[in-house]
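Secondary and tertiary structure notes
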Amino acid sequence: MTTAHVFHQWSAILFVVVLAITGECLIAAGMRGLGDLDRLRTRPGLLGYLGPVRAVLANPLFLIGALCMALNFFAMLYTLSIAQLSLAAPAIASLTYIGNTVAAKLFLHENVDRRRWLAALFVCAGVVLLSK
Amino acid sequence: MKHTLTPRRYFILLAVMLTASVGDTLLSRGMSQVGPVDLHHLGLLLHALTNINVIAGILLLIGFFASYTTALSWADLTFVMPATAFGYVVIALLSRFWLHEYLSPYRWAGIVLIVCAVGFVANGPSRTEHPSNHPDLDLMDSGVGR
């Protein structure tokens, strides 16, 4: 395996990770802006869900986030075509997890305390072990 | 004000965990019945849409996205993330007990770590408190006046 191929694989993996982090943070920011969806229900029963669905689909942050997630899906397919699943899957899952935690602290100003950091690290280690 | 989870919210987090993992497992089972799809036989993708496992998998993944989005409307991203990670555990257990695959000691160790991670986060508050511009809404959210 050449250095150029390794660079190509890791560039694709990092691209997938950046798209996932951007998408998830935008969706989270959009949903935080809307608040609890139950408040947007117009009436009881199934028809009452039209209000929340309409509000979510009219939210620009959510829509750009969903677009990022759609691009992420296709970037993931591309990455799986050039990298082995046993490398790509745990690398993408772990890096996305850590990146999301950092981004949630920096951009969403979430209170990432010691237990949430510990959870992120345990999940990363767990994902790597599951891929063995 | 402390954000606590109602039984309805626990149900949505449970839906996030189960729909993603069971949906992926059904898609995987369905696609193994359909056979490998390559660029010269893209029509097989349309044929895959008639497979009952693929249809059920797609419906469950739509349910996952809806429940995940709903959870983000009242909980932090760093709170909801371990719920999705728990899906890896459900997939591993489904592959062990439903598809009868072998789980190595490494995988069991991975399962234990992810279960611990979910436990850490589940014991904490679901939402970071920020100074609010809508104190009246926060009052409603705390349940006062209901």
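Residues numbered from 1 in each chain as written. Chains lettered and ligands numbered in written order. Predicted model: local features only at pLDDT ≥ 70, side-chain atom pairs only at ≥ 80, totals over all residues. Heavy atoms only, no water.

The name given to chain B in an unreviewed UniProt entry is EamA-like transporter family protein, with the source organism recorded as Edaphobacter dinghuensis. Its UniProt record gives chain B the following Subcellular location (unreviewed entry) comment, quoted word for word: "Cell membrane". (UniProt positions renumbered as here; feature names shortened; annotations may be inferred.)

Per an unreviewed UniProt entry, chain A goes by the name EamA domain-containing protein and belongs to Edaphobacter dinghuensis. The UniProt entry for chain A carries the following comment under Subcellular location (unreviewed entry): "Cell membrane".

For the rest of this paragraph, the subject is the overall build of chain A. Looking only at helices and strands, chain A has five helices and zero strands in total. Taking 14 Å as the expected radius of gyration for a compact globule of 132 residues, we find that chain A reaches 18 Å, considerably beyond that expectation. Within chain A, counting contacts between residues at least 6 apart in sequence, those at least 24 apart form 74% of the total. Accessible area of chain A: about 7,200 Å², with a carbon and sulfur share of 74%. Positive and negative side-chain charges in chain A, numbering 10 and 5 respectively, have mean positions lying 0 Å apart. (Helix = DSSP H or I, 4+ residues; strand = E, 2+ residues; numbered from the N terminus. Rg over C-alpha atoms; globule rule 2.2 N^0.38 Å. Contact = heavy atoms within 4.5 Å. Areas by Shrake-Rupley, 256 points an atom, 1.4 Å probe, with all protein chains shown as cover. Lys, Arg positive; Asp, Glu negative; His and termini not counted. Charge placed at Lys NZ, Arg CZ, Asp CG, Glu CD.)

This next bit is on the UniProt feature "transmembrane region" (unreviewed entry) in chain A. Residue and element names in this part refer to chain A. In this structure's numbering, the residues bearing the UniProt feature "transmembrane region" (unreviewed entry) are residues 12-35, 56-81, 87-108 and 115-131. Annotation note: span residues 56-81, helix share 92%, strand share 0%, distance between end C-alpha atoms 34 Å. Between the C-alpha atoms that bound residues 87-108 there is a distance of 30 Å. The span itself is 91% helix and 0% strand.

What follows deals with the nonpolar core. Core analysis: the largest hydrophobic core is formed by 53 residues, its most contacted members being Met31(A), Tyr97(A), Leu13(B), Tyr68(B), Leu72(B), Trp74(B) and Leu77(B). Put simply, the parts of the chain that give this core at least two residues each are α1 (3-34), α3 (60-82), α4 (85-106) and α5 (114-130) of chain A together with α1 (7-34), α3 (52-72), α4 (77-97) and α5 (105-122) of chain B. Looking at which element gives the most residues to this core, the answer is α1(A), with nine residues. For Trp74(B), the residues in contact, after removing those within four places along its chain, are Asp36(A), Leu5(B), Arg9(B), Ile12(B), Leu13(B), Ser126(B) and Arg127(B). (Core = buried A, V, L, I, M, F, W, Y, C linked by side-chain atoms within 4.5 Å. Buried < 20%, exposed > 50% of the residue type's maximum accessible area, 1.4 Å probe, protein only.)

All names here are of chain B. Within the UniProt annotation, "transmembrane region" (unreviewed entry) is assigned to residues 39-65, 77-99 and 105-122. For the annotated span residues 77-99, helix accounts for 91% and strand for 0% of the residues, and the straight-line distance between the end C-alpha atoms is 32 Å. With 100% helix and 0% strand, the stretch residues 105-122 has end C-alpha atoms that lie 26 Å from each other.

Moving on, we get to the interface of chain B and chain A. Often the size quoted for an interface is simply the accessible area lost on bringing the parts together. Listed as interface residues are 40 residues of chain B and, on the opposing side, 38 residues of chain A. With both chains or domains summed, chain B and chain A bury close to 3,300 Å², and 65% of this area falls on carbon and sulfur atoms. For chain B, the biggest contributors to the area lost against chain A are Leu77(B), Thr78(B) and Phe120(B); these three give 17% of the whole. Taken together, the links from chain B to chain A amount to three salt bridges. Between Arg32(A) and Asp76(B) there is a salt bridge, and its shortest N-O distance comes to 3.0 Å. Where chain B touches chain A, the interface holds 13 residue pairs in polar contact (both at pLDDT 80 or more). Those elements that provide at least two residues to the side of chain B that touches chain A are α1, α3, α4, α5 and α6 (135-141) of chain B. Considering each element in turn, the side of chain B that touches chain A owes the most residues, 11 residues, to α5(B). (Buried area = accessible area lost by both parts, 1.4 Å probe. Salt bridge = Lys/Arg side-chain N within 4 Å of Asp/Glu carboxyl O. Polar contact = N/O pair within 3.5 Å; in protein donor to acceptor, adjacent residues only side chain to side chain.)

On to the environment of Trp108(B). Residue and element names in this part refer to chain B. With respect to the helices and strands, tryptophan 108 occurs in helix α5. Expressed as a C-alpha distance, the spacing of tryptophan 108 and leucine 93, which sit 15 residues apart in the sequence, is 9.5 Å. Setting aside anything within four residues of it in sequence, one finds tryptophan 108 in contact with Leu93, Arg96, Phe97 and Leu103.

Residues and elements named next belong to chain B. The topology assignment puts leucine 44 in helix α2 (residues 43-48). For leucine 44, a relative accessible area of 24% puts it in the partly exposed group. A sequence separation of 42 residues divides leucine 44 from phenylalanine 86, and the C-alpha atoms of the two residues are 32 Å apart.

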